[in-house]
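Residue-level listing of the chains:
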Amino acid sequence: MTRKRKNPPKKPTNAALLNTSISPNKHTRRGRDKPDSPREITKLERRRDDCITPPTPERLGRGRFWTATHPHPPCSESWKDLDQEPQAANQSVHTSAGMASGAKRGILERLNADEIVIGDGGFVFALEKRGYVKAGPWTPEAAAEYPEAVRQLHREFLRAGSNVMQTFTFYASDDKLENRGNAVSFTGQQINEAACDLAREVANEGDALVAGGVSQTPSYLSCKSESEVKATFKKQMDVFIKKNVDFLIAEYFEHVEEAEWAVQVLKATKKPVAATMCIGPMGDMHGVTPGECAVRLVKAGADIVGVNCHFDPMTCVKTVAMMKAAVEKAGLKAHYIVQPLAYHTPDCGCQGFIDLPEFPFALEPRVLTRWDMQHYAREAFKAGIRYIGGCCGFEPYHIRAVAEELAPERGFLPKASEKHGMWGSGLEMHTKPWVRARARREYWEKMKPASGRPLCPSMSTPDGWGVTKGDADLMQQKEATTKDQLRPLFNKADSKN
């Protein structure tokens, strides 16, 4: 017989969860318990344990769980009482081995329920550092050439807490793959198909959706016609439809006009569409404000709007807040997404971090800490943004920090938290006493990291050439850049320094 609880257990507070040092598979002592003495496992630990480790009939029979406000599989069931027959309870449980894509709730179902969706991180930068992407073209042929590298990065982001496996199709349009002498031994279709297969494979290992992504094109920068640019997007879109991705993202657009064209093409699929621009508070490259950009994208058919890349997290949160205010003022409805850089960029101009002299090979001193990421996640949530992820520079541990910060709202921690003490609590086991003294939240919240570079400035002077669509220097070509073309660029750069 199933017993009913008169007063269901309360959801733990934000402070309670963040300040609790718990390992999912190892329970710490409390009070005067002896090291090896058994004790009752707290409701929070039990809930966290079962969300990270696949439930078994034996573990499900241990007692009741508190119900998450925003449940996600494998914690998707609102288990108000599990003092029933263990086997019966286990029948509705999804394990970490995954489930069929058709059984998952879609992106709009989750966002309409005010759930938090955590995106992944920056594939091109992460894989360039690992030796699988070439800086300069930044094209994603690794999806077909080195699938094991792409698959592993997907898995690390999934383990860190990502709900979306975005296809590694950034700059996978045909015109970009063959731009400026880029020698790629795979066709655009082969790369896009391989990327979809890898994303789906890993997404099915957990509760993740697959998003097919397109991005800005050399064709637009070279002033090609609307029909020509849209035809470029359609080639990628046809692959995404064939592979049945769950939704689509038009990301990394500097000009709202091109982003509108992308949304219009993707919306023809009848799938949900997200659109993100790589802009800051100053707007796009032609001075269109973030608010106007967002309104135009929503009118074009985007269900989710926001920004990605080019700027640091807090700048991006500010920009999306401007978008949100404008969309609401226009009487429109949308969901909001933010996927910023993992670099501090207070010194950036309109063009963002690619104007910084450190771009792309000396950005490491600007990397945000995991604690910075927790602050970002909280501020994004407070701003009303529910799709929260990352772009260039974001590694899996950054996404884990986002997932840990938002664990109280989501109701569970990611599997990667098995090896991470909340707010440095794992340092309690360090051999050095002064390091053990750092095992507390207040220490890391007050930390102001040093760069270790005494002669380096805290900020840089952006290049700021002011070049945008229509400028001769931005006209693209299939042929490799010649020395004669580079010489005046070198001279111009030297004259500015």
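Keep in mind that this is a model prediction, so the values were computed, not measured. (Residues numbered from 1 in each chain as written. Predicted model: local features only at pLDDT ≥ 70, side-chain atom pairs only at ≥ 80, totals over all residues. Heavy atoms only, no water.)

1. Considerations on the overall build of the protein
- Regarding its fold elements, the protein presents 21 helices and eight strands.
- Looking at the 497 residues of the protein, the share that counts as buried comes to 53%.
- The long-range fraction of contacts in the protein, counting pairs at least 24 apart against all pairs at least 6 apart in sequence, stands at 76%. (Helix = DSSP H or I, 4+ residues; strand = E, 2+ residues; numbered from the N terminus. Buried < 20%, exposed > 50% of the residue type's maximum accessible area, 1.4 Å probe, protein only. Contact = heavy atoms within 4.5 Å.)

2. Re the sheet that holds strand S1 (residues 117–118)
- Here eight strands make up an open sheet; going across it, the order is S1-S8-S7-S6-S5-S4-S3-S2 and the pairing parallel. The open sheet has two edge strands, S1 and strand S2 (164–166), and neither has a second partner.
- Alignment of strand S3 (residues 209–215) against strand S4 (residues 247–253), held across five bridges, turns out to be parallel. Its bridge partner being in S4, Gly-212 is matched across the sheet by Leu-248.
- Running over the sheet, helix H10 (residues 188–203) touches S2 and S3 and is turned about 155 degrees from S3. (Pairing = 2+ DSSP bridges. Axes fitted to C-alpha atoms, helices over the stretch in contact; angles between N-to-C directions.)

3. Considering H10
- Along its 16 residues, H10 runs 22 Å from first to last C-alpha, staying within 8% of the 22 Å computed at 1.5 Å per residue.
- In terms of burial, H10 is a largely internal element, 12 of the 16 residues being buried.
- Within H10, burial applies to Gly-188, Ile-191, Asn-192, Glu-193, Ala-194, Ala-195, Cys-196, Leu-198, Ala-199, Arg-200, Val-202 and Ala-203.
- Where the residues of H10 are buried, they touch helix H7 (142–145), helix H8 (147–160), S2, helix H9 (174–177), S3 and helix H12 (226–242). (Expected span 1.5 Å × (residues − 1).)

4. Topic: the pairing of strand S7 (residues 335–339)
- Counting buried residues along S7, four of its five residues qualify, which places the element largely inside the surrounding structure.
- Pairing of strand S6 (residues 304–308) with S7 involves five bridges; the strand directions are parallel. Bridge pairing in S7 places Gly-306 opposite Ile-337.
- As defined by bridge partners, S7 adjoins strand S8 (residues 387–388) across two bridges and the pair is classed as parallel. Counted as the bridge partner of Ile-337 is Tyr-387 from S8.

5. What about the confidence of the model for the protein?
- For the protein, the average pLDDT comes to 82, and 78% of its residues sit at 70 or higher.
- Across residues 1–6, confidence stays below pLDDT 50; counting only partners more than four residues off in sequence or on other chains, it has 11 contacts.
- Of the regions scoring below 50 in pLDDT, residues 8–102 engages in 177 contacts with residues more than four places distant in sequence or in other chains. (pLDDT = per-residue confidence, 0-100.)

6. Remarks on the layout of surface pockets
- Of the pockets and cavities examined, the second largest pocket occupies roughly 700 Å³.
- Lining the second largest pocket are 22 residues, and of these His-344, Pro-365, Arg-366, Ser-451 and Ser-458 sit closest to its centre.
- Grouping the amino acids of the lining of the second largest pocket by side-chain chemistry returns nine nonpolar, five polar and eight charged. (1 Å grid on protein atoms, 1.4 Å probe; cavity = no way out; pocket = protein on both sides within 12 Å on 5 of 7 lines; lining within 4 Å. Points joined across faces, edges and corners; volume = space filled by probe spheres on them. Nonpolar A, V, L, I, M, F, W, Y, C, P; charged D, E, K, R; others polar.)

7. Some words on the packing of aromatic side chains
- Taken as a whole and judged by the stated rule, the model has 20 aromatic pairs.
- On the basis of an interplanar angle of 80 degrees and a centroid distance of 5.3 Å, the ring pair of Phe-170 and Tyr-252 is categorised as edge-to-face. One end of the pair, Phe-170, is in the loop between S2 and H9; the other, Tyr-252, is in strand S4, and 82 residues separate them in sequence. Pair check on accessibility: Phe-170 and Tyr-252 agree, each one buried.
- Their ring planes at 80 degrees and their centres at 5.5 Å tell us that Tyr-220 and Trp-261 sit as a pair that is edge-to-face. (Phe/Tyr/Trp six-rings, centres within 6.5 Å; stacked < 30°, edge-to-face > 60°.)

8. Focus on the nonpolar core
- Residues Phe-168, Leu-297, Val-338, Phe-353 and Tyr-376 are the most contacted members of the largest nonpolar core, which totals 100 residues.
- By residue number, the principal contributor to this core is H10, which donates eight residues.
- Excluding anything up to four places from it in sequence, Phe-168 contacts Phe-123, Val-124, Leu-127, Val-133, Pro-140, Ala-142, Ala-143, Val-150 and Ala-195.
- One finds Ile-107, Leu-111, Ala-211 and Ile-249 within the second-largest nonpolar core, a separate group that totals 12 residues. (Core = buried A, V, L, I, M, F, W, Y, C linked by side-chain atoms within 4.5 Å.)

9. Thoughts on the packing of H12 against helix H13 (residues 256–267)
- Two elements in contact, H12 and H13, have axes whose closest approach is 9 Å; the angle formed by their N-to-C orientations is 50 degrees. Between H12 and H13, the crossing angle belongs to the class labelled oblique. In terms of crossing hand, the pair formed by H12 and H13 is right-handed. Together, Glu-226, Val-229, Lys-230, Phe-233, Lys-234 and Met-237 of H12 and Glu-258, Trp-261, Ala-262, Gln-264, Val-265 and Leu-266 of H13 make up the contact between the two elements.
- Partitioning the contact of H12 with H13 into residue classes produces seven nonpolar, one polar and four charged. (Parallel < 35°, antiparallel > 145°, perpendicular 65-115°, else oblique. Left-handed = near helix turned anticlockwise from the far one by under 90°.)

10. Details of the environment of Glu-201
- Turning to its location among the elements, Glu-201 is positioned in helix H10.
- The class of Glu-201 is partly exposed, set by a relative accessible area of 33%.
- Sequence separation between Glu-201 and Arg-155 is 46 residues, and the spatial gap between their C-alpha atoms is 9.6 Å.
- Aside from chain neighbours lying at most four places away, what touches Glu-201 is Arg-151 and Arg-155.

11. Remarks on the pairing of S3
- Taking burial as the measure, the seven residues of S3 include seven buried ones, the bulk of the element.
- Residues of S3 alternate between two faces, with Leu-209, Ala-211, Gly-213 and Ser-215 on one and Val-210, Gly-212 and Val-214 on the opposite face, all of them buried.
- In the sheet, S2 pairs with S3 via three bridges, with the strands oriented parallel. Following the sheet pairing, Gln-166 is matched in S3 by Ala-211.

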